[in-house]
Amino acid sequence: MRMPTLSDRILSALQSVQDPDLHQDIVTLGFIKDLLIQDGRVSLTLELTTPACPVKDDLKQQVINVVSQFPEVTDVVVRLGSKPMRGLQPLAKGLSEVGAIIGVSSCKGGVGKSMTAVNLAFALSEQGASVGIFDADVYGPSLPTMVALPDTSLVFDGQFIKPLQYKGVKLMSFGYTQDPLDDRNPALMRGPMVSQVINQLLTQTNWGALDYLIIDMPPGTGDIPLTLSQLIPMTAAVIVTTPQRLSFVDVIKGIELFYNLKVPTIAVLENMSYYECGTCQERQYPFGRGALQSLVNEFGFKYAFECPIDSLVSPTSDAGLPLVLAHPDAKATQVIHQLAGAVAREVSRLRYQSTGAPAVEVMDANGKLMIRVSQGERESWVEPRDLRLACRCARCQDEWTGRPLLDASSIPDDVVPEGLGPVGNYAVGVNWTDGHSSIYPYEVLWSFQVSAEV
Ligand code: ADP
């Protein structure tokens, strides 16, 4: 039998390093490339799923630590690389080399959706990703103001339009095409027409190779965002909201809109959540608290962020500078970087399919229909009616106080799921025979401990 070489032993030892999102070791995931050993000097490339990987430095350090432990090794060089994210979805020509399309959406105007979209794009770019921003907010295109360019005239490249660029980020906005004499002025256009024009602009822009294309969606859950969401093959959505109760009710509509379109909402950013006193650092919550936590409870979001009211935001964006570049230490910048990390992680998870999601199915258990949740060895059974009663949607439970609103006697004993399917990578959606639809985070499903012998 062949003795394991140093290279074999290094690879075997590196199996102790796990990717925290994909829950697999970096050797099995194929992250170790170009392993070369010369006179005790080890060099390799750690090829991650995205250049914007927020844990890249930590993983690199772990690799260095593991490899340095071998007495034969005198020196370790680890280069960081990333797998090509491009061209993985069948997209229109101008988008064919785009890896992931992230829609940034809000249910009302003025909540900071554009601030988030633009800064998210620049934050991902700062992390090393190639990024584009498409401003699809026809009624209030803000990209032309938020990113000041000396010249915004559009140039054609064959049939395609060349995107504008700022600090390496590609930009396109309906605002760049607007001409006061243009009879396609959005104020005069009907919803479907606006969506078509926007879709045309999106797909006729020559985006080239991009890791992420961020779409600043029109606000609301009406016709235009709906049609647009159907036209744009979005990988995932980020929802921006504010702490007021009214926004909270709207945000649920937004999540449901994306849910119906099978676009997972991967993060929620509650903007203008609090104000931090400059001298004592005490946080004040002028609009109250609790909404974000309710969303986390109801939908099981893994990534929910509070972004403070920051006096640097408005002047910077009015001056046409992205906040994350102009004020790298601002509190809001830090939150946007956390959001960028979450987006990078979740997109990689969606792409590499290790969602950690259990299988959920309706099964016959000793003559009774039951819901079975299983993953590997782990298994849990839920009585359909119990799960129906556990619905935490706004109609079944007061989303503010958690008080049950559902009258249990109104739910038939024989209620069962008519349809059932994953919602993003965090929850399962159920359509019930009583006509109701529910979304259950996986944690809720696991919390039922009924045995199969019921
Ligand atoms: P939307 O795209 O939702 O309409 P914008 O991103 O245009 O909202 O933001 C609306 C206004 O609020 C802008 O003037 C913006 O500079 C300001 N703003 C957004 N987020 C913050 C924040 N966290 N702190 C202070 N001002 C903010």
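Residues numbered from 1 in each chain as written. Predicted model: local features only at pLDDT ≥ 70, side-chain atom pairs only at ≥ 80, totals over all residues. Heavy atoms only, no water.

> Any chance you could explain the environment of Leu22 here in plain terms?
Along the polypeptide, Leu22 turns up in the loop between β1 (18-19) and β2 (24-25). Looking at Leu22, the relative accessible area reads 2%, which means it is buried. Sequence separation of Leu22 and Glu346 is 324 residues, and the distance between their C-alpha atoms is 9.6 Å. (Helix = DSSP H or I, 4+ residues; strand = E, 2+ residues; numbered from the N terminus. Buried < 20%, exposed > 50% of the residue type's maximum accessible area, 1.4 Å probe, protein only.)

> Could you clarify how one ought to interpret the packing of aromatic side chains in this entry?
Remark: the centre distance and the inter-plane angle together describe each pair of aromatic rings, the angle taken between the planes. Here the structure, examined in full by the defined rule, presents five aromatic pairs. Aromatic side chains Tyr274 and Tyr285 sit 5.4 Å apart centroid to centroid with 45 degrees between the ring planes, which places their arrangement in the tilted category. In this pair, Tyr274 sits in the loop between β14 (265-271) and β15 (275-276) while Tyr285 sits in the loop between β16 (283-284) and α9 (291-299), placing the two residues eleven residues apart along the sequence. Ring centres of Trp432 and Tyr440 lie 6.5 Å apart, and the angle between their planes is 90 degrees; on these two criteria the pair is classed as edge-to-face. Residue Trp432 shares its accessibility class with Tyr440, and that shared class is buried. (Phe/Tyr/Trp six-rings, centres within 6.5 Å; stacked < 30°, edge-to-face > 60°.)

> Looking at this structure, how should I read the pairing of strand β18 (residues 359-365)?
A regular strand carries its side chains on alternate faces of the sheet. When β18 meets strand β19 (residues 368-375), the two strands line up antiparallel, connected through seven bridges. Bridge pairing in β19 places Glu361 opposite Arg372. Taken together, β18 and the strand that follows it, β19, pair antiparallel across an intervening segment of two residues, in which Asn366 is found at a positive phi of about 50 degrees. (Pairing = 2+ DSSP bridges.)

> Would you mind showing me how to read the nonpolar core here?
Looking at soluble globular proteins, one finds that nonpolar side chains tend to be buried together. Counting residues in each nonpolar core, the largest one holds 89 residues, and the members touching the most others are Leu124, Phe134, Leu171, Tyr212, Leu213 and Ile214. Among the elements that take part in this core, helix α12 (residues 331-352) stands out by supplying ten residues, more than any other. Lining this core are residues from two domains, each supplying at least three of them: domain 2 (93-352) and domain 3 (359-446). Residues within four places of Leu124 in sequence aside, it is in contact with Ala52, Ala129, Val131, Tyr212, Ile214, Ala340, Val343 and Ala344. In this structure, Leu6, Ile26, Leu48 and Val55 belong to the second largest nonpolar core, which totals 23 residues. (Core = buried A, V, L, I, M, F, W, Y, C linked by side-chain atoms within 4.5 Å. Domains from an automatic or database assignment. Contact = heavy atoms within 4.5 Å.)

> It is not clear to me how the sheet that holds strand β6 (residues 98-106) should be interpreted in this structure. Could you clarify?
Strand pairing within a sheet occurs via backbone hydrogen bonds; the two strands may be parallel or antiparallel. Taking strand neighbours across the sheet as the criterion, the eight strands line up as β10-β11-β7-β12-β6-β13-β14-β17 in an open arrangement whose pairing is mixed. The open sheet has two free edges, formed respectively by β10 (164-166) and β17 (304-307), since each of these has just one partner strand. Going across the sheet, the axis of each strand differs from the next one's by a mean of 25 degrees, ignoring polarity. Where strand β13 (residues 236-241) lies against β14, five bridges are found, and the strand directions are parallel. (Axes fitted to C-alpha atoms, helices over the stretch in contact; angles between N-to-C directions.)

> Please explain the sheet that holds strand β4 (residues 41-48) as it appears in this structure.
Pairing is mixed across the open sheet formed by three strands, whose spatial order is β3-β4-β5. Bordering the open sheet on either side are β3 (32-38) and β5 (75-82), each of which pairs with just one other strand. The average angle at which neighbouring strand axes cross in this sheet is 10 degrees, direction not considered. Sheet analysis places β4 next to β5, joined by eight bridges and oriented parallel. In the sheet register, Ser43 faces β5, and the bridge partner there is Val77. Sheet strands in contact with helix α2 (residues 56-68) are β4 and β5, and its direction is about 150 degrees off that of β5.

> It is not clear to me how α2 should be interpreted in this structure. Could you clarify?
Counting along an α-helix, one turn takes 3.6 residues, and residues three or four places apart therefore face a common direction. With 13 residues, α2 ought to run about 18 Å at 1.5 Å a step, and its terminal C-alpha atoms sit 18 Å apart, in line with that. The set of residues buried in α2 consists of Lys56, Leu59, Val63, Val66 and Val67. The arc enclosing the buried residues of α2, seen along the axis, measures out at 95 degrees, which places them on a common side. On its buried side, α2 packs onto α1 (6-14), β1, β4 and β5. (Expected span 1.5 Å × (residues − 1). Arc of directions from axis to C-beta.)

> Which parts of the structure should I look at to understand the domain arrangement of the protein chain?
Quite often, the size of an interface is put as the accessible area lost when its parts meet. Along its sequence, the protein chain is carved into domain 1 (6-82), domain 2 (93-352) and domain 3 (359-446). Spacing between the C-alpha centres of domain 1 and domain 3 amounts to 42 Å.

> Just to check I follow, could you spell out the site of the ligand for this structure?
Taken together, 15 residues lie near the ligand, and Gly110, Ser114, Met115, Asn271 and Pro308 sit nearest. A distance of 2.8 Å separates an oxygen atom of the ligand from a polar backbone atom of Ser114. Between the ligand and Asp310, the relevant distance is 2.9 Å, taken from a nitrogen atom to a main-chain nitrogen or oxygen of the residue. If the ligand stood free it would expose 560 Å²; the protein chains cover 79% of that surface. Taken together, the elements giving at least two residues each to the shell around the ligand come down to α3 (113-126) and α10 (313-318). Of the residues that constitute the shell around the ligand, the class distribution is six nonpolar, seven polar and two charged. (Near = heavy atom within 4 Å. Polar contact = N/O pair within 3.5 Å; in protein donor to acceptor, adjacent residues only side chain to side chain. Areas by Shrake-Rupley, 256 points an atom, 1.4 Å probe, with all protein chains shown as cover. Nonpolar A, V, L, I, M, F, W, Y, C, P; charged D, E, K, R; others polar.)

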